[in-house]
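Listed below, chain by chain, are the residues.
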Amino acid sequence: MMTVLVVGVPEGEQLELLRAGIQRNPHFQVLSHASDPAVALAHARVLLPDITVLALPPGLDSLDSDPAVLRLFRGVRALDPPGGVVLRTAAAPVPRAVAGLAAEGAVHLVREGDHEALMRALRTIGLRRASCDPDEMP
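As the structure is a prediction and not an experimental result, all values here were calculated from the model.

This brings us to the nonpolar core. With 21 residues, the main nonpolar core has L54, L56, L63, L72 and L87 as its most contacted residues. Looking at this core, the elements that each hand over two or more residues are β1 (2-7), α2 (37-47), α3 (67-77) and β4 (84-89). Per element, the largest residue contribution to this core is five residues, and it comes from α3. With near-sequence residues (within four places) excluded, L56 lies in contact with L63, V69, L87, R88, T89 and V98. In this structure, M2, I22, V86 and M119 belong to the second largest nonpolar core, which totals 20 residues.

Put into structure tokens, the structure is as follows:
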């Protein structure tokens, strides 16, 4: 089972719909959520989620423009093993600086409300993490 940390989605109906959508697939379990990136990073360091779903703030054109979000992104990617990240954005089109972060199997971009794209991203990250054998690493 892949564990998921949800970040940046406010408490309430939107969070519950996202959680239910993720957990509809029995291979994924939302283990925690946080609105604040600093709190989310603390959760990630303790819980070591397989995947972090990060809702980007509206109007964000680069992670560099929001130091707290950038720290969270770098912190999750620096875990051992590095956590996969799904960046959820409401922007259309996705800013080039954000789109440049995508890395197949590790970092994915999805539009807010595109449940199919979210599930594809979760499955891709999950398959990559499941196929990694730490005993085979040098």
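That covers the picture; the talk isn't over yet.
Turning our eyes to something else, we now look at the pattern of salt bridges. Summed over all chains, the structure comprises one salt bridge. Residue R19 pairs with E16 through a salt bridge whose shortest N-O separation is 3.9 Å. Note that R19 and E16 are positioned in helix α1 (residues 13-23) at a spacing of three residues, about one turn of the helix.

Let's shift gears to the side chain of S62. Within the secondary structure, S62 sits in the loop between β3 (51-55) and α3. When near neighbours in sequence (up to four residues on either side) are disregarded, S62 contacts A97 and V98.

A separate point is α1. For α1, the set of buried residues is L15, L18, R19, G21 and I22. Seen end-on, α1 carries its buried residues on one side only, within an arc spanning 165°. Across α1 from its buried face, at more than 90 degrees, point the exposed residues E13 and L17.

Another point: α3. Residues V69, L70, L72, F73, G75 and V76 constitute the buried set of α3. Here the buried face of α3 lies against β1, α2, β3, β4 and β5 (107-111).

Attention now moves to the pairing of β1. The buried count for β1 comes to five of six residues, which makes it a mostly enclosed element. Where β1 and strand β2 (residues 28-34) come together, six bridges link them in parallel fashion. Among the inter-strand pairings, T3 is bridged to a residue of β2, identified as Q29.

Next up on the list: unusual backbone geometry. The omega torsion across D80 and P81 is 0°, close enough to zero to call that bond cis. By the element assignment, P81 lies in the loop between α3 and β4. Even without being glycine, L48 reaches a positive phi, approximately 50°.

Here α2 crosses α3 at 10°, and the two axes come no closer than 9 Å. Accordingly, the angle class assigned to the pair α2 and α3 is roughly parallel. Residues P37, A40, L41 and A44 of α2 lie in contact with α3, whose contacting residues are A68, V69, R71, L72, G75 and V76.

Our focus in this paragraph is the environment of V107. Tracing the backbone shows V107 in strand β5. Residue class for V107 comes out buried when judged on its relative accessible area of 3%. Residues V107 and I51 lie 56 residues apart in sequence; the distance between their C-alpha atoms is 9.4 Å. Residue contacts for V107: discarding those within four places in its chain leaves F73, R77, V85, L87, L101 and A102.

About the cut-offs
- Just so you know, the residues in each chain are numbered from 1, in the order the chain's sequence is written.
- Local features in this predicted model are restricted to residues whose pLDDT is 70 or higher, and side-chain atom pairs enter the listing and the counts only when it is 80 or higher, whereas totals over whole chains, interfaces and linings include all residues.
- With hydrogens and water excluded, all non-hydrogen atoms of the structure serve as input to the side-chain values.
- For the purposes of this section, nonpolar cores are sets of buried Ala, Val, Leu, Ile, Met, Phe, Trp, Tyr and Cys residues that join through side-chain atoms within 4.5 Å.
- Throughout this description, buried means an accessible area under 20% of the type-specific maximum (1.4 Å probe, protein chains only), exposed means over 50%, and partly exposed covers the range between.
- Counting from the N terminus, the helices are the DSSP runs of H or I reaching at least four residues and the strands are the DSSP runs of E reaching at least two.
- Contacts were defined at the residue level, with two residues in contact if any of their heavy atoms lie within 4.5 Å.
- Only one rule defines a salt bridge in this text: a Lys or Arg side-chain nitrogen within 4 Å of an Asp or Glu carboxyl oxygen.
- What the arc measures is the spread of directions leading from the helix axis to the C-beta atoms.
- Two strands form a pair only when DSSP identifies at least two bridges running between them.
- Lines fitted to C-alpha atoms define the axes here, with helix axes fitted over just the stretch in contact, and angles between the N-to-C directions of these axes take values from 0 to 180 degrees.
- Here roughly perpendicular refers to angles of 65 to 115 degrees, roughly parallel to angles under 35, roughly antiparallel to angles over 145, and oblique to all remaining angles.

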